[in-house]
Amino acid sequence: MRAGLSRVLLVNSCLAGAVWLTWALVWGSEYVDVLADNWRVAVTMIFGSLVGGGTSEGGGAIAFPVMTKILAVPPDQARVFTFAIQSIGMTAASLSILLCRIPIERRVVIHGSAAGVVGVVLSVSLLAPLVPLGTVRALFTMLLVALAVALFVQMRQRGYHRNDTISFWNRREKVLVVTAGFLGGVISGVAGVGENCVMFLLLVLLFRVSEKVATPTTVVMMTVISIAAFLTHILRTGDFTGPVVDYWTAAAPVVAVGAPLGAWVCTRLTPLTIRMILFVLIGAELISTLLLVHFTDGMIVLSAVTLTVFTGLCLICVRQDRYARPAESGGRADSRGLSTASAR
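These numbers were taken from a predicted model, which means no experiment stands behind them.

## Details of the state of the cysteines
- Per the counting criterion, the structure on display carries zero disulfides.
- Free cysteine: Cys 100, not disulfide-bonded; nearest cysteine sulfur from Cys 14 at 10 Å.
- Assessed through its relative accessible area of 14%, Cys 100 is described here as buried.
- The thiol of Cys 317 is not disulfide-bonded; the next cysteine sulfur, from Cys 314, is found 6.3 Å away.
- Judged by its relative accessible area of 15%, Cys 317 is buried.

See the structure below:
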């Protein structure tokens, strides 16, 4: 355990040091002025980065509501900032996950991320300008609430078993992962987050993958999606400008520390504790949405229908028993892409 902790400290210190050194070389003493003007954003991302690196929600789930409702940042700018800051924080978290050899489902990362990149680029370019952000946040919250209901029901199942990897990996599983990756990318393009939540839902509810493996897997995936979306905003839509750049400049050194720390903390938690944290975060998301989003009659109906449909789909996943039995043992890395012994 001590050697593991030493490796984590070394890796995370190097990652944070690399970002700090880069910021010092690029901005120099100007960074102090930028931080003084945007310290509220940097403080917000202390907690946001911990959530982004250590849970399946993503730092944008914290940054977006705080920035739009408390800091009065325009929603469009907050969404661009979400991708920009996740490109730094979650990249640091993902590198920490990989370098510290935290177990992930590599096949899901490869297949899901490829589909997610396509989905998020199309969404940022074509869909995001057309969909009201309030509606998006309301529907995304309904997805999270449905996930919470299903997670609770799953906990009550007798003999529920968590797998270290997906028990079977055939055409069906590939199609499900690719489909979920694409849909998650589309949602992320308009909401700033979503890829990690959709894939977490599939991994935990249907495939019965342990939260300790599913969470870092979704963190790595959301990193790829965030970078793709960030580049799309820079190269195609051209809206990474003005105050968004200052927000990003001020907060980046913070998330370079917080996100890898959150990823490491996740490895020290039990699966039950991870679920409890998700319940708290989803509850906070629901409360903030009800308080801060203006619901029209049409949005109320749409949200109710969405909640009903998502909850039904999640419960269907929970009741499937194809993946309920343990994955093959053997303790070595195989075609499943993960050592079963190392994930326990």
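That shown, we press on.
## A short note on helix α7 (residues 133-155)
- In this model α7 runs 33 Å from its N-terminal to its C-terminal C-alpha over 23 residues, within 8% of the 33 Å that 1.5 Å per residue would give.
- Burial of α7 is extensive: 17 of the 23 residues sit out of reach of the surface.

## Focus on the packing of aromatic side chains
- Inspection of the entire model under this criterion finds nine aromatic pairs.
- Three or more aromatic residues joined by ring pairs form one cluster here, namely Trp 23, Trp 27, Phe 230, Phe 240 and Trp 248.
- It is Arg 322 that lies over the ring of Phe 168; its NZ or CZ is 4.7 Å from the centre.

## A closer look at a nonpolar patch on the surface
- On the surface, Trp 39, Val 43, Ile 46, Phe 47, Leu 50, Leu 261 and Val 265 cluster together into a nonpolar patch covering about 590 Å² of accessible area.
- Among the elements of the structure, α3 (39-54) and α11 (243-268) are those that each provide at least two residues to the nonpolar patch.
- No other element matches α3, which puts five residues into the nonpolar patch.
- You can see Trp 39 is positioned in helix α3.

Thresholds applied
- Residues numbered from 1 in each chain as written.
- Predicted model: local features only at pLDDT ≥ 70, side-chain atom pairs only at ≥ 80, totals over all residues.
- Heavy atoms only, no water.
- Disulfide = S-S within 2.5 Å.
- Buried < 20%, exposed > 50% of the residue type's maximum accessible area, 1.4 Å probe, protein only.
- Helix = DSSP H or I, 4+ residues; strand = E, 2+ residues; numbered from the N terminus.
- Expected span 1.5 Å × (residues − 1).
- Phe/Tyr/Trp six-rings, centres within 6.5 Å; stacked < 30°, edge-to-face > 60°.
- Lys NZ or Arg CZ within 6 Å of the ring centre and 35° of its normal.
- Patch = residues over 30% accessible without salt bridge, like charges linked within 9 Å, V, L, I, M, F, W, Y side chains within 5 Å.
- Areas by Shrake-Rupley, 256 points an atom, 1.4 Å probe, with all protein chains shown as cover.
- Salt bridge = Lys/Arg side-chain N within 4 Å of Asp/Glu carboxyl O.

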